[in-house]
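Observations on the model geometry
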Amino acid sequence: MTVTICTWNINSVRLRADLVLRLLAEEAPDVLCLQETKSPVDKIPLERFAEAGYPHMIAEGNKGYNGVAILSRLPLEDAGTRAFCDTGHARHCAARLENGLVVHNFYVPAGGDEPDRESNPKFAHKLDFLAEMARWGAEGRAREVMVGDLNIAPREDDVWSHKQLLKVVSHTPIEVEALDRARDAGGWIDTTRADIPGGKLYSWWSYRARDWDAADKGRRLDHIWATPDAGHIAGSTRILRDARGWEKPSDHAPVFASFAP
């Protein structure tokens, strides 16, 4: 059975519920992983999503910030949540599909504005979170997919200007190295770059740009990783850039990949 998974930082699931419904209607992923839902779990409009054919949900929430949710038209069971860094932030949830595939949904801390551990506690938290992700990955992962807003654009062609962003949080060498360690520790494959190995590729464009599309100063912050045995279907990755131009959009675009475990 082929399973198509989509990841999307929705930037408030209640504010943008109509956009979620549009995505479900037009793109019909089997599983939709949302980040930055900014909602307690009981306030997520699951009834509306259920009416659209997605009655299953695993989620963790904080009022007004953070939050992750996995919506599915396929039956799910809760595969556990890990409280990374013990902060109480809702940044991880996991679900197991009937075929045994486990889907992890992450929202990595953004890290603030100053890329300095000593002067910026938010940046220190981000690095600590990534270090814990590496330890978690090293516990052993099999038949798993890990998706989410990882808040790092690792490669030179994952940003509009490598030179200009080297000292900007999300593309600094210390963050990229930490993300690489987390990926390698879990034996993860970056399915997006496995499918699209070269060329500029973005999933986020700032709200600050007067014309985001024309300026095209993007970053690839949203990722889908998989273990080698997860059954990633080569060539199935795509980024729905057009969604960044929908009415009152998120600043992130949805990313898709398909699996046949």
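The residue numbers shown here count from 1 along each chain, following its written sequence. Only residues with pLDDT of at least 70 are given local features in this predicted model, and only at 80 or more are side-chain atom pairs given and counted; all residues enter the totals for whole chains, interfaces and linings. Values reported for side chains reflect all heavy atoms of the structure, with hydrogen atoms and water molecules removed beforehand.

Section: the environment of Asn 11
Mapped onto the elements, Asn 11 comes out in the loop between strand S1 (3-9) and helix H1 (17-27). For every residue, the accessible area obtained with a 1.4 Å probe (protein chains only) is divided by the maximum for its type, and the residue is called buried under 20%, exposed over 50%, and partly exposed between those limits. In this structure Asn 11 comes out as buried when scored by relative accessible area, which is 11%. Taking the C-alpha atoms as reference points, Asn 11 and Lys 38, 27 residues apart in sequence, are found 7.1 Å from one another. Those residues in contact with Asn 11 that sit more than four places away from it in its chain are Arg 16, Gln 35, Glu 36, Lys 38, Tyr 207, Ser 250 and Asp 251. Definition of a polar contact: a pair of N or O atoms within 3.5 Å, with one able to donate and the other able to accept a hydrogen when the atoms are protein atoms, and with sequence-neighbouring residues admitted only if both atoms are side-chain atoms. Side-chain polar atoms of Asn 11 contact the side chain of Lys 38, separated by 2.7 Å. Each helix is a run of H or I in the DSSP string that is no shorter than four residues. Each strand is a run of E no shorter than two, and both are numbered from the N terminus. We call two residues in contact when some of their heavy atoms are within 4.5 Å.

Some remarks on the sheet that holds strand S13 (residues 238-239)
As a general point, the strands of a sheet are linked pairwise by backbone hydrogen bonds and lie either parallel or antiparallel. By definition, two strands form a pair when at least two bridges between them are found by DSSP. One open sheet holds the 6 strands; their spatial order is S3-S4-S2-S1-S14-S13, and the pairing between them is mixed. At either margin of the open sheet sits one strand with a lone partner, and together these are strand S3 (56-62) and S13.

With respect to empty space enclosed by the protein
A cavity here means a set of points on a 1 Å grid, drawn over the protein atoms and nothing else, where a 1.4 Å probe fits but cannot get out; a pocket is an open set with protein on both sides within 12 Å along at least five of seven lines, and a residue lines either one if it has an atom within 4 Å of a point. Grid points are joined across faces, edges and corners, and a volume is the space filled by probe spheres set on the points. For the coordinates displayed, the defined rule picks out 1 cavity of 30 Å³ or more. Roughly 30 Å³ of internal volume is contained in the largest cavity. Ten residue types, Ala, Val, Leu, Ile, Met, Phe, Trp, Tyr, Cys and Pro, are classed as nonpolar, four, Asp, Glu, Lys and Arg, as charged, and the remainder, Gly among them, as polar. Per-class residue counts for the lining of the largest cavity are 3 nonpolar, 3 polar and 2 charged.

Quick word on the sheet that holds strand S5 (residues 76-78)
The strand order S5-S6-S7-S8-S12-S9 describes an open sheet built from 6 strands, whose pairing is mixed. Sheet topology places S5 and strand S9 (189-190) at the edges, where each strand pairs with a single neighbour. Bridge count for strand S6 (residues 92-97) against strand S7 (residues 102-107) is 5 bridges, and the pairing is antiparallel. In the strand pairing of S7, Ala 95 is matched with Val 103. Between N-to-C directions, angles span 0 to 180 degrees; the directions come from axes that are lines fitted to C-alpha atoms, helices contributing only their stretch in contact. Packing against the sheet, helix H3 (residues 121-137) makes contact with S7 and strand S8 (144-149), and its axis sits at approximately 165° to S7.

Considering the packing of aromatic side chains
The pairing test for Phe, Tyr and Trp rings, Trp by its six-membered ring, is centres within 6.5 Å, and the orientation test on the planes gives stacked under 30 degrees, edge-to-face over 60, and tilted for anything in between. Inspection of the entire model under this criterion finds 9 aromatic pairs. For the ring pair Phe 84 and Phe 106, a centre distance of 5.2 Å and an interplane angle of 70° mean the geometry is edge-to-face. Of this pair, Phe 84 sits in the loop between S5 and S6 while Phe 106 sits in strand S7; the two residues are 22 residues apart in sequence, bridging distant segments of the chain. Here Phe 84 and Phe 106 have matching classes, each one buried. Ring geometry for Phe 106 and Phe 129: centres 6.4 Å apart, planes at 90°, overall edge-to-face. Residue Phe 106 is found in strand S7, and its partner Phe 129 is found in helix H3; the two are separated by 23 residues along the sequence. Residue classification places Phe 106 among the buried residues on the basis of a relative accessible area of 0%. Among the aromatic residues, those joined into a ring-pair cluster are Phe 84, Phe 106, Phe 129, Trp 136 and Trp 188. Charge-over-ring contacts are defined here by two conditions on Lys NZ or Arg CZ: a distance within 6 Å of the ring centre and an angle within 35 degrees of the ring normal. Looking at Arg 82, its charged tip hangs above the ring of Phe 84, at a distance of 5.4 Å from the centre. Sitting over the face of the ring of Phe 256, Arg 238 holds its NZ or CZ atom 4.0 Å from the ring centroid.

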